[in-house]
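Notes for the structure review
Residue strings, one per chain:
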Amino acid sequence: MPAAPEFSDILRARDLLSGRLPPTPMWSYPALDAVAGATVLVKHENVQPVGAFKVRGGLTLLAGLPAGQRARGLATYSTGNHAQSIAYACAAFDVPCAVVMPAAANAAKVRAVRALGATVVLEGADLAGAHAVAEREAAERGARLVSPADTPELIAGVGTLYLEVLAAQPDLDAIVVPVGSGTGAASACLVAARLARGCRVIGVQSAASPAAHDSWRAGACVSRPDRTAAEGLATGRGFDLPQQLLRAGLADFHLVSDEQIRAAQQLLAGHAHTLAEGAGAAALAAVLARPGQFAGRRIAVICTGGNASPAEIAGLAAAEPAPVRRDLAALVT
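Just so we're clear, the structure is a prediction, and the values are computed from it rather than from any experiment. (Residues numbered from 1 in each chain as written. Predicted model: local features only at pLDDT ≥ 70, side-chain atom pairs only at ≥ 80, totals over all residues. Heavy atoms only, no water.)

All right, on to the environment of Met26 then. Mapped onto the fold, Met26 is located in strand β1 (residues 26-28). Expressed as a C-alpha distance, the spacing of Met26 and Ala281, which sit 255 residues apart in the sequence, is 15 Å. Excluding its chain neighbours within four sequence positions, the residues that come into contact with Met26 are Leu41, Val42, Lys43, Val165, Ala168, Gln169 and Ala300. (Helix = DSSP H or I, 4+ residues; strand = E, 2+ residues; numbered from the N terminus. Contact = heavy atoms within 4.5 Å.)

This brings us to the environment of Ile10. Within the element layout of this structure, Ile10 appears in helix α1 (residues 7-17). A C-alpha to C-alpha distance of 26 Å links Ile10 and Glu277, two positions 267 residues apart in sequence. In contact with Ile10, other than residues within four places in its own chain, are Ala156, Gly159, Thr160, Leu163, Ser187, Leu190 and Val191.

With that out of the way, let us pick up helix α9 (residues 160-168). Among the nine residues of α9, seven are classified as buried, and the element is accordingly described as predominantly covered. All of the buried residues in α9 are Thr160, Leu161, Tyr162, Leu163, Glu164, Val165 and Leu166. (Buried < 20%, exposed > 50% of the residue type's maximum accessible area, 1.4 Å probe, protein only.)

A few words now on the packing of aromatic side chains. This structure, assessed with the given rule, holds one aromatic pair. Relative to Phe253, the ring of Trp216 lies with its centre 6.0 Å away and its plane at 50°, an arrangement referred to as tilted. Linking Trp216 in helix α11 (residues 211-218) with Phe253 in strand β9 (residues 252-256), this pair joins segments that are 37 residues apart in sequence. Classification of Trp216 as buried rests on a relative accessible area of 15%. The exposure class assigned to Phe253 is buried, which follows from its relative accessible area of 1%. The ring of Phe239 carries the charged tip of Arg237 above its face, separated from the ring centre by 4.0 Å. (Phe/Tyr/Trp six-rings, centres within 6.5 Å; stacked < 30°, edge-to-face > 60°. Lys NZ or Arg CZ within 6 Å of the ring centre and 35° of its normal.)

The strand order across the open sheet formed by four strands is β5-β4-β3-β6, and the pairing between neighbours is parallel. Pairing within the sheet leaves two strands with one partner each, and these edge strands are β5 (119-122) and β6 (144-146). Direction aside, neighbouring strands of the sheet carry axes that sit 20° apart on average. Packing of helix α6 (residues 107-115) onto the sheet brings it into contact with β4 (97-101) and β5, and relative to β5 it is tilted by some 150°. (Pairing = 2+ DSSP bridges. Axes fitted to C-alpha atoms, helices over the stretch in contact; angles between N-to-C directions.)

Here it is as structure tokens:
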């Protein structure tokens, strides 16, 4: 396993990203605060050029690669947002890129990756199956295989968003972070430990794909069924490098149901003018599901992405968001 990144690596990533990605906005919305019973600040990573926070990691990785490694190209595997991040970064640096996505991957995300110039291979039943195919592709192409989680540069890059969060709001009580592979929450732990020791970093994952949550609670990486409809949370195993950092810095880790996530998506659309994919709404779902824990607090929730599928977008109009708090509290897992 590679060495874990440090806070200084996140500062270097900020320098590497300077001029490439402007800071994303973070807003509070009175209507949303009224439902949550707390001051909720939404960090809008859904407005990144690929619609998700992971672009920070991809650009950091490519910016730091020597010319010889760039010439070999990269190969990776993803359900979607990491794929777009690596494809975007490779296009920016004119580097060959192959991405393996599960056979049933979100068609819109597949189109987006191809539009960025990457070669897309659709193979494997899930992320684990795509990983096995990516190893083969990397070997055949002589490319560097990039893990979506066990790559220090990716964690350092996404850590820059937490520099922005705490620069804007240094007195937060908590930062709530959706967890798939865990890179975002891991980097949040690094930044909060240095800049805001009183701020709790809390992870949230779908109960339908609880591998990262269960790995953190077990103190060792485990595999679990991967059944969530929220693609950004759809991982079937814990990843060593993020878990190492989560064990050192995460204050708590919650599970929410896919139903809770869908309700939070509706609330973000109706009360915060925000299109969030499932993973991007998970942090808000956790806050709404535990009103007693978060009431009266100042909380940043990370809207990690806005790459909602057509079915997700259509579902946003299926119900009014006003009763979400009661519904979520009843559904808490």
